[in-house]
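# Structural characterization, general
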Amino acid sequence: MSTKSNVQRRKYSLTSQRVNQISPSGIRRFFDLLSSIEGVISLGVGEPDFATPWHIREAAIYSLEKGYTMYTSNLGMPELRQELSRYLQDNYNLEYNPDGELLITVGVSEGLDLTMRAILNPGDEVIMPDPCYVSYSPCVVLAGGTPIMVPTNEENDFEISPADIEARVTSKTKAILIGNPANPTGAVMLRDKLLPIAEIARRHKLLVISDEIYAKLVYGVEHACFATLPEMKESTILLGGFSKAYAMTGWRIGYAAAPTEVIASMTKIHQYTMMCASIMGQVAAIEALKSGDTSAAEMVEEYNRRRLVIVQGLNDIGLSCFEPRGAFYAFPSIKSTAMTSEEFAERLLIEEKVAVVPGSAFGQWGEGYVRCCYATSLADIEEALSRINRFVDKHQAT
Amino acid sequence: MIKDILKILENDARTTAKQISTMTGTPSAEVARLIKQAENDRTILKYKTIVNWEKVRDEQVWALIEVKVTPQRDVGFDSIAERIYRFPQARTVYLVSGTYDLLVLLVGKTMHEVADFVSQKLAPIEGVQGTVTHFMLKRYKEDGEILEGKEEVKRQPVIL
């Protein structure tokens, strides 16, 4: 009898409460709208417009011909881990043991999910900037943790302030999560700005999850890998990948570099849920690490030109845009139009056929901004700018 | 700085000084001055267009001629090369290493015209030991541009 009433009291749902508490991407409606319009110039993407450099594709094709079609080690192909270890050594002077401190993941996306599931206990808190990449907060929630947002703003170049982090540290805080360079803002935190964050992590014994997928896409500044900060290698989970710098988004290859204990836990989840990253992608990644630097450098040079054109263009239009020093996004303020960012994006799409992503998709502090990806041809950027100009003129007049 | 400007122009000669100024963070006037200077000192030789003539069914015949020559005292290959490159039909002339010395790209209206040029003008030049003519059958890639089946961007319009 009492069992029966218990059953009745529980609200019936086909899906788990945990998943139910995550809201789907707020711009779903926007996607649907987009697919129904022809002739759209999209600044709404998050990936290069270059196809993967031919030498990388060719290596993968060759491997298929040779029959590389099997599972790999759960950790990833030994050769890839060795190349990666060498890469981290050459670029950051960091020593990661390829057998135990590195894990090849299905993009940084999987790396992030594994990280959260591996380190969080129910109720543990993860401090992260707002706005930030869309999957940060859901990954924490799905792993049973609580995301704690730290507002960042244009006045501070969207850098996360150590004092704001400190103010949010509680007995439940487990980690700080930062993306550097950042999506959606393009902000880059330099070494001297990261040092105080490292100090907080040390003092409170927090892990730092550093998403450095855009590490190679920095302009005129030097990227600082978080694990290189004093004593930070022991408490950093470094997430990186091949998608952005080598134009390999569809291959889905990323990596995690972290202390043995963390990698072992992440590997447990990875082996039971993913087995391994695709072998084809791993072979391509080996080629990228071995000889992809020239093609990557050429792409960065091209992005830089586009970056300067779009930032200047947006500022000229009157959409104030701080100078992003990394990734391939500009994050202009649209506050002068008195529209919400979602309204701006939707009307811009309908009236001028330019797709941008509303800043609100990246957190409440992204409201008032839109994300414009400049990984598209210069001709398209210029056309998009002229359309945005017309749109802004029209709506400021009324 | 001039190298950055040249790279941009080599990729698209129509890029304006103002655009280059934005792309490189150099004042527009300075960009214009550097371009002028490069034009004057023949760093920039010419602005031209890569055309796929097949599209307009223009019947042009191209041939690649290997030319073996006897180098001459004091001037080496240069004087023979000059006698060849003075002809407007010779669009490109290179001195190369290997089994022959000069590589000449010839253009003509017909195969006959090209053959005549080789036999009557090129081969008889003093010092030319022999020629091998390769008529061009199909152009796949021109100056870095793939003529047909160029890859299109296959991205989803919005990805977060």
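Residues numbered from 1 in each chain as written. Chains lettered and ligands numbered in written order. Predicted model: local features only at pLDDT ≥ 70, side-chain atom pairs only at ≥ 80, totals over all residues.

### With respect to the overall build of chain A
Secondary structure summary: chain A contains 14 helices and 12 strands in total. Counting the 398 residues in chain A, one finds 49% classified as buried. Sequence-distant contacts, at least 24 apart, represent 75% of the contacts inside chain A between residues at least 6 apart. (Helix = DSSP H or I, 4+ residues; strand = E, 2+ residues; numbered from the N terminus. Buried ≥ 20, exposed ≤ 12 C-beta atoms within 10 Å, placed from the backbone. Contact = placed C-beta atoms within 7 Å.)

### Description of the overall build of chain B
The secondary structure content of chain B amounts to five helices and six strands. Counting from the amino terminus, chain B carries its helices and strands in the arrangement α-α-α-β-α-β-β-α-β-β-β. Here the C-alpha atoms of chain B give a radius of gyration of 21 Å, more than 25% beyond the 15 Å that 2.2 N^0.38 yields for 160 residues. When its C-alpha atoms are laid out on the principal axes, chain B stretches across 60 × 40 × 30 Å. The buried share of chain B, reckoned over its 160 residues, is 13%. Long-range contacts, defined here as pairs at least 24 residues apart, represent 55% of the contacts in chain B between residues at least 6 apart. (Rg over C-alpha atoms; globule rule 2.2 N^0.38 Å.)

### Re the environment of Phe117(B)
All names here are of chain B. Within the secondary structure, phenylalanine 117 is located in helix α5 (residues 111–122). Distance in space between the C-alpha atoms of phenylalanine 117 and glutamine 89 is 8.6 Å, their sequence separation being 28 residues. Beyond its immediate chain neighbours, meaning those up to four positions away, phenylalanine 117 contacts Gln89, Leu106, Gly108 and Leu122.

### Brief notes about unusual backbone geometry
Peptide bonds are, in most cases, trans, and in most cases residues other than glycine have a negative phi. Note that the residue after Asn180(A), namely Pro181(A), is joined by a cis bond; omega there is -5°. Along the chain, Pro181(A) turns up in the loop between β5 (173–179) and α9 (191–204). Its identity is not glycine, yet Arg252(A) carries a phi of approximately 60°, on the positive side. Judged by C-beta crowding, with 18 C-beta atoms within 10 Å, Arg252(A) ranks as partly exposed. Phi is positive for Arg42(B), which is not a glycine, with a value near 65°. As for its position among the elements, Arg42(B) is in the loop between α3 (28–40) and β1 (61–69). Taking the number of C-beta atoms within 10 Å as the measure of exposure, Arg42(B) has 8 and is therefore exposed.

### Looking at the sheet that holds strand β3 (residues 102–108) of chain B
All names here are of chain B. With antiparallel pairing, the four strands of this open sheet are ordered in space as β2-β3-β1-β4. Edge strands, defined here as strands with exactly one partner in the open sheet, are β2 (90–95) and β4 (128–135). Pairwise comparison of adjacent strand axes, ignoring direction, gives a mean angle of 20° for this sheet. Against the sheet, α5 touches β1, β3 and β4, its axis set at about 20° to β1. (Pairing = 2+ DSSP bridges. Axes fitted to C-alpha atoms, helices over the stretch in contact; angles between N-to-C directions.)

### Notes on the domain arrangement of chain A
Residues and elements named next belong to chain A. As far as domains go, chain A holds domain 1 (23–52 + 295–397) and domain 2 (54–291). For domain 1 and domain 2, the distance between their C-alpha centres works out to 26 Å. Mapped onto the side of domain 1 that touches domain 2, the elements with two or more residues apiece are α12 (293–317) and β9 (329–330). For the side of domain 1 that touches domain 2, the element with the most residues is α12, which contributes six residues. Classifying every residue of the side of domain 1 that touches domain 2 gives 18 nonpolar, 10 polar and four charged. (Domains from an automatic or database assignment. Nonpolar A, V, L, I, M, F, W, Y, C, P; charged D, E, K, R; others polar.)

### As for the nonpolar core
Grouped together as the largest cluster of nonpolar side chains are 125 residues, with contacts concentrated most on Ile176(A) and Ala256(A). Mapped onto the domain boundaries, this core takes at least three residues apiece from domain 1 (23–52 + 295–397) and domain 2 (54–291) of chain A. In contact with Ile176(A), not counting residues within four places along its chain, are Ile127(A), Ile165(A), Ile197(A), Ala201(A), Leu206(A) and Val208(A). Judged by nonpolar contacts, the second largest core, of 14 residues, contains Ile80(B), Ile84(B), Leu106(B) and Val118(B). (Core = buried A, V, L, I, M, F, W, Y, C linked by C-beta atoms within 7 Å.)

### Observations concerning the pairing of β1(B)
All names here are of chain B. Across seven bridges, the pairing between β1 and β3 is antiparallel. Across the sheet, tryptophan 62 pairs through a bridge with valine 107, a residue of β3. Pairing of β1 with β4 involves seven bridges; the strand directions are antiparallel. Bridge pairing links valine 67 to threonine 131 in β4.

### A closer look at the interface of chain B and chain A
Facing 10 residues of chain B, the contacting portion of chain A comprises 19 residues. Its residues assigned to classes, the side of chain B that touches chain A shows six nonpolar, two polar and two charged.

### Here's the deal with the pairing of strand β4 (residues 146–151) of chain A
All names here are of chain A. Bridge count for strand β3 (residues 125–130) against β4 is six bridges, and the pairing is parallel. Bridging across to β4, valine 126 finds its partner in proline 147. Taking the sense of rotation as the criterion, the β-α-β connection linking β3, helix α7 (residues 136–142) and β4 turns out right-handed. (Right-handed = clockwise from strand over helix to strand, strands pointing away.)

### Notes on the domain arrangement of chain B
Domain boundaries assigned for chain B yield domain 1 (2–40) and domain 2 (53–137). Once you take the C-alpha centre of each, domain 1 of chain B and domain 2 of chain B turn out to be 35 Å apart.

### Examining the sheet that holds β9(A)
Pairing between the strands of a sheet comes from backbone hydrogen bonds, and it takes one of two forms, parallel or antiparallel. Residue and element names in this part refer to chain A. Pairing is antiparallel in the open sheet, where three strands are placed in the order β9-β12-β11. Of all strands in the sheet, those with a lone pairing partner are β9 and β11 (357–358), marking the two edges. As judged from the two bridges shared by β9 and strand β12 (residues 370–373), these two strands associate in the antiparallel manner. Of the residues in β12, the one forming a bridge with tyrosine 329 is cysteine 373.

### Quick word on the packing of helix α5 (residues 78–92) of chain A against helix α11 (residues 279–291) of chain A
Residue and element names in this part refer to chain A. Direction vectors running N to C along α5 and α11 enclose 30°, while the axes themselves pass 9 Å from each other. In terms of orientation, α5 lies roughly parallel with respect to α11. Taken as a pair, α5 and α11 cross one another with a handedness that is left-handed. Residues Glu79, Leu80, Glu83, Leu84 and Tyr87 of α5 pack against Gln282, Ala285, Ile286, Leu289 and Lys290 of α11. (Parallel < 35°, antiparallel > 145°, perpendicular 65-115°, else oblique. Left-handed = near helix turned anticlockwise from the far one by under 90°.)

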